[in-house]
Amino acid sequence: MTAVESRPAGALSQSPGSPNPGHRPLGARVKAFVSLTKPRVIELLLMTTVPVMFLAAKGVPDLWLVLETCIGGYLSAGGAAAYNMWFDRDIDALMDRTAQRPLVTGMVSPRECLVFATALAVGSTAWFWFLVNPLSAMLSLGALLFYVVVYTMILKRRTTQNIVWGGIAGCMPVFIGWSSVTNSVSWASFVLFLVIFFWTPPHYWPLSMKVKEDYARVGVPMLPAVAGNKVVARQIVAYSWVMVAVSLLLQPLGYTGWFYTAVAALCGAFWLKEAHGLQSRAKAGITGPKLKEMRLFHWSITYVSLLFVAVAVDPFLR
C-alpha cells in the first residue's frame, strides 16, 4: 500500500479551513453527510438502473418497484462512497479535487463516517431483501463490497488497471435493475454490463488526464499519472471501439429494435470521433487546455444518458 504523509485527515483543529468542533451548523452537517454518498455519481448509477427495468418489463414496470429499487440503490452506492472516503481520507487531504470533502474539512469525523457507511450498507441490503428480492440484495451487496474492498482497498493504490477492474462495481446496477423486475439476470443485462465496463476507462481517464498531478502527488498509479498522453489516448480509443461494438449487440440478440440501435450507432459514432480527436491531439504533442481532454469526459456522461434513455424508450416503439 502506498504510504502518504499528511496531517491526520478529519482532524478538526489541523486544517485552517476546518470548522470549530463546537460550531458545526446542522445544515452544513446534513449537507456534508449527503456529500459522503457522492450523489452526482449515484445519478449516473440510477440512470443505468431504471431504463433496464423498462427493458426487462417490456414496457412500464411497477412504479413502486422502481422507487424501491432507486432508494435501495442510492443507499447501497452511498454506503460504498462513504467507505471510500473513509479509507482515502489520507490522500484526499493532499489532492486539490478532494480537498473539500467532509472528512478533510472536519465537518464529519472518521468515526461518524464509518458508522454512517455501515448503516447505509446494512440498511440497503435489508431494504432490497425485504422490499425488492433477495437476488437484488445480494447483487447490491456484492457491488458495494467489490467497490470498497477490491477497488478502494486493493487495486486503487497498486495498479494502473485500477479503474478498469474496479469499474465492475459501477456495472452492477444493470443487473440489479433487471433482477428487480424478473428476479433473474439475462443476456441483455450482461451486454449492458459490458457496455458500462468498457465505457468506464475512457470515461474516467480523460478526467484523470486533467488532474494527473493530483494522483502523482499521492502515489496513486492512475494510468494518466504514470503514462504519457499518447499511451492513454491509444487505450481510450481501443476501449471506445469495443464499447460501441458491444452496444450494438442488443438488436441481433432480439432485445431491442430500430430505435435503440439508431441511437447507439449515432452516439457511438460521435464518441469515436471525439476519442480519435483526443488521440490526434495527444500524438501531436499538444498539452494543457488545448488537449481538450474534458470534451470526451463530458460527452461520455451525455452518451451513457442518451443510450440508456433509448433502452427505456425502445420497448414502446417495437
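See the structure shown above.
Predicted, not measured: the structure shown is a model, and the values here were computed from it.

Focus on the packing of helix α13 (residues 229-247) against helix α14 (residues 258-283)
Put simply, α13 and α14 touch, their axes get as near as 9 Å, and they point 170° apart. Compared by their axis directions, α13 and α14 come out roughly antiparallel. For the pair α13 and α14, the contacting residues are N229, K230, A233, R234, I236, V237, S240, W241, M243, V244 and S247 in the first and Y260, A264, G268, W271, L272, A275, H276, L278, Q279, A282 and K283 in the second. Classifying every residue of the contact of α13 with α14 gives 13 nonpolar, six polar and three charged.

Looking at the packing of aromatic side chains
Each pair of aromatic rings is reported with the distance of its centres and the angle of its planes. For the structure on display, the rule yields 14 aromatic pairs. A ring pair is formed by W165 and F197, whose centres lie 5.6 Å apart and whose planes are at 50°; its orientation type is tilted. Of this pair, W165 sits in helix α8 (residues 162-166) while F197 sits in helix α10 (residues 187-210), and the two are 32 residues apart along the sequence. W165 gets classed as partly exposed once you look at its relative accessible area, which sits at 45%. Relative to Y255, the ring of W178 lies with its centre 6.3 Å away and its plane at 85°, an arrangement referred to as edge-to-face.

Some thoughts on a nonpolar patch on the surface
Taken together, the side chains of V60, L63, W258, F316 and L317 define a hydrophobic patch exposed on the protein surface, amounting to about 560 Å² of accessible area. Mapping L317 onto the fold places it in the segment after α15 (293-313).

Describing the pattern of salt bridges
All told, the structure shown has eight salt bridges when counted by the stated rule. A salt bridge links R157 to D88; the shortest N-O distance between them is 3.0 Å. Taken as a pair, R157 in the loop between α7 (134-155) and α8 and D88 in the loop between α3 (63-87) and α4 (89-92) lie far apart in primary sequence, 69 residues in all. Accessibility classification places R157 together with D88 in one group, the buried group. A salt bridge links R217 to D214, with the shortest nitrogen-to-oxygen separation between them at 2.7 Å. Pair noted here: R217 and D214 are both in helix α11 (residues 212-218), with a separation of three residues, about one helical turn. R217 gets classed as partly exposed once you look at its relative accessible area, which sits at 44%. In this structure D214 comes out as buried when scored by relative accessible area, which is 5%. One network of salt bridges, in which partners are shared, links D88, D90, K156 and R157.

The rules behind the values
Residues numbered from 1 in each chain as written. Predicted model: local features only at pLDDT ≥ 70, side-chain atom pairs only at ≥ 80, totals over all residues. Heavy atoms only, no water. Axes fitted to C-alpha atoms, helices over the stretch in contact; angles between N-to-C directions. Helix = DSSP H or I, 4+ residues; strand = E, 2+ residues; numbered from the N terminus. Parallel < 35°, antiparallel > 145°, perpendicular 65-115°, else oblique. Contact = heavy atoms within 4.5 Å. Nonpolar A, V, L, I, M, F, W, Y, C, P; charged D, E, K, R; others polar. Phe/Tyr/Trp six-rings, centres within 6.5 Å; stacked < 30°, edge-to-face > 60°. Buried < 20%, exposed > 50% of the residue type's maximum accessible area, 1.4 Å probe, protein only. Patch = residues over 30% accessible without salt bridge, like charges linked within 9 Å, V, L, I, M, F, W, Y side chains within 5 Å. Areas by Shrake-Rupley, 256 points an atom, 1.4 Å probe, with all protein chains shown as cover. Salt bridge = Lys/Arg side-chain N within 4 Å of Asp/Glu carboxyl O.

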